[in-house]
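An overview of the molecular structure
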Amino acid sequence: MTLADAYNYGVYFLSANGVEEAEFKSLCLSCHCVGIKNSEYAFHKNDSVVMRSFADMLWRLKSGEPLQYIIGKWDFYDSEFFVGEGVLIPRPETEELTALVIEAARKMNIPVVFDLCAGSGCIGISVAKAVKDATVYCVEKSTDAMEYLKKNSRGFSNVININADIYDPPRLSQADIIVSNPPYIKTSEMNLLQNEVKKEPAEALDGGDDGLDFYRCIAEKWKDKIKDGGLLFLEIGNEQGREVTDILKENGFKDPLLINDMYGNNRIIKTQK
């Protein structure tokens, strides 16, 4: 079977089984089978594909397993990150948060950055890669996610991984910037998530009864970990802007700024100690 045959069959199979974005997902899987980027498909249409391997991935996708887990890695910002069961999948909106942190860090002299609820490390490692003189501490509680964090951060001497619960902050010197994409889904809404999202770790999604537990924790327990004048960047749910802003103001943070994502939704809050 050629790559083109595999792609066409994948589109047919996924469409027939009601899988959304059949064309894109078939392209990702077929190209993964022959070890090329999606953009290289046109030049490899006649390459051979092992049908059994490709068919197995199609069935895994049909069963609801996330595409990113099947492939085992995913693009984020300007790098590729290993992902799999037990770690949150990087998302495009979070790239916008990362870009803002990088912009701020580049204006600082030898900045110290904390990435809380780091997961795969996509935010913190991207900052460390872009800002060579930064020291980035990636704090993650999950032992499963830590395995991906360690794997992704290999080769980065300016990344320090810490296996810790943000509710019990480890002893660290103060940071110039704290950034976090914490869990922010309401517990009552967890069962309403798409099937693929339900395959991701609940502890990386569930933000408590009102979805705000982790914002309260960060505002209360991590404020003293930020230098005077230092910055805090948070990703939020698109209906949480006012509530998270109130939490930050109640804890003495200055002038929280709401920033929209590429879709026009409130997605990021930038504030200062």
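Scroll up a little and you will see the structure.
Okay, so let's go over this structure. Along each chain, residues carry numbers from 1 onward, in the same order as the chain's sequence is written. In keeping with the predicted nature of the model, local features appear solely for residues at pLDDT of at least 70, side-chain atom pairs appear and are counted solely at 80 or more, and the whole-chain, interface and lining totals rest on all residues. Side-chain metrics in this entry use all non-hydrogen atoms of the structure; hydrogen atoms and water are not considered.

For each structure, a 1 Å grid was placed over the protein atoms alone; sets of points admitting a 1.4 Å probe that cannot get out are labelled cavities, open sets with protein on both sides within 12 Å along at least five of seven lines are labelled pockets, and lining residues have an atom within 4 Å of a point. Grid points are joined across faces, edges and corners, and a volume is the space filled by probe spheres set on the points. Of the volumes computed, that of the second largest pocket is approximately 410 Å³. Every residue lining the second largest pocket is counted, 13 residues in all, and those nearest its centre are Ile-36, Lys-37, Asn-38, Asp-75 and Glu-80. Put simply, DSSP H or I for four residues or longer makes a helix, DSSP E for two residues or longer makes a strand, and each gets a number counted from the N terminus. Of all elements in the fold, only helix H2 (22-34) and strand E1 (73-76) reach the threshold of two or more residues within the lining of the second largest pocket. With 4 residues, the top contributor of residues to the lining of the second largest pocket is H2. Class assignment for the residues of the lining of the second largest pocket results in 6 nonpolar, 3 polar and 4 charged. Residues are sorted three ways: Asp, Glu, Lys and Arg are charged, Ala, Val, Leu, Ile, Met, Phe, Trp, Tyr, Cys and Pro are nonpolar, and all the rest, Gly among them, are polar.

Exposure categories follow from relative accessible area, calculated using a 1.4 Å probe and restricted to protein chains: below 20% of the type maximum is buried, above 50% is exposed, and the middle band is partly exposed. In terms of burial, strand E3 (residues 112-116) is a largely internal element, 5 of the 5 residues being buried. The two faces of E3 match: Val-112, Phe-114 and Leu-116 on one face and Val-113 and Asp-115 on the other face are all buried. Two strands pair when backbone bridges link them, and E3 and strand E4 (residues 135-140) are joined in this way by 5 bridges, in the parallel orientation. Looking at E4, one finds that Phe-114 is bridged to Tyr-137. When DSSP locates at least two bridges between a pair of strands, those strands are taken to pair.

Now for a nonpolar patch on the surface. Patches here: salt-bridge-free residues with over 30% relative accessible area, like charges joined within 9 Å, nonpolar side chains (Val, Leu, Ile, Met, Phe, Trp, Tyr) joined within 5 Å. Each accessible area is a Shrake-Rupley estimate made with a 1.4 Å probe; only the visible protein chains count as cover when residues are assessed. Each salt bridge in this description consists of a side-chain nitrogen of Lys or Arg and a carboxyl oxygen of Asp or Glu lying within 4 Å of one another. A cluster of nonpolar side chains, namely Met-1, Tyr-9 and Tyr-12, defines an oily patch on the protein surface of about 330 Å² accessible area. If you trace the backbone, Tyr-12 turns up in helix H1 (residues 3-16).

On strand E2 (residues 79-82), burial follows the alternation: Ser-79 and Phe-81 on one face are buried, whereas Glu-80 and Phe-82 on the facing-out side are not. Where E1 and E2 come together, 4 bridges link them in antiparallel fashion. Bridge pairing in E2 places Phe-76 opposite Ser-79. In sequence, E1 turns back onto E2 through a hairpin of 2 residues, with Tyr-77 there showing a positive phi of about 55°.

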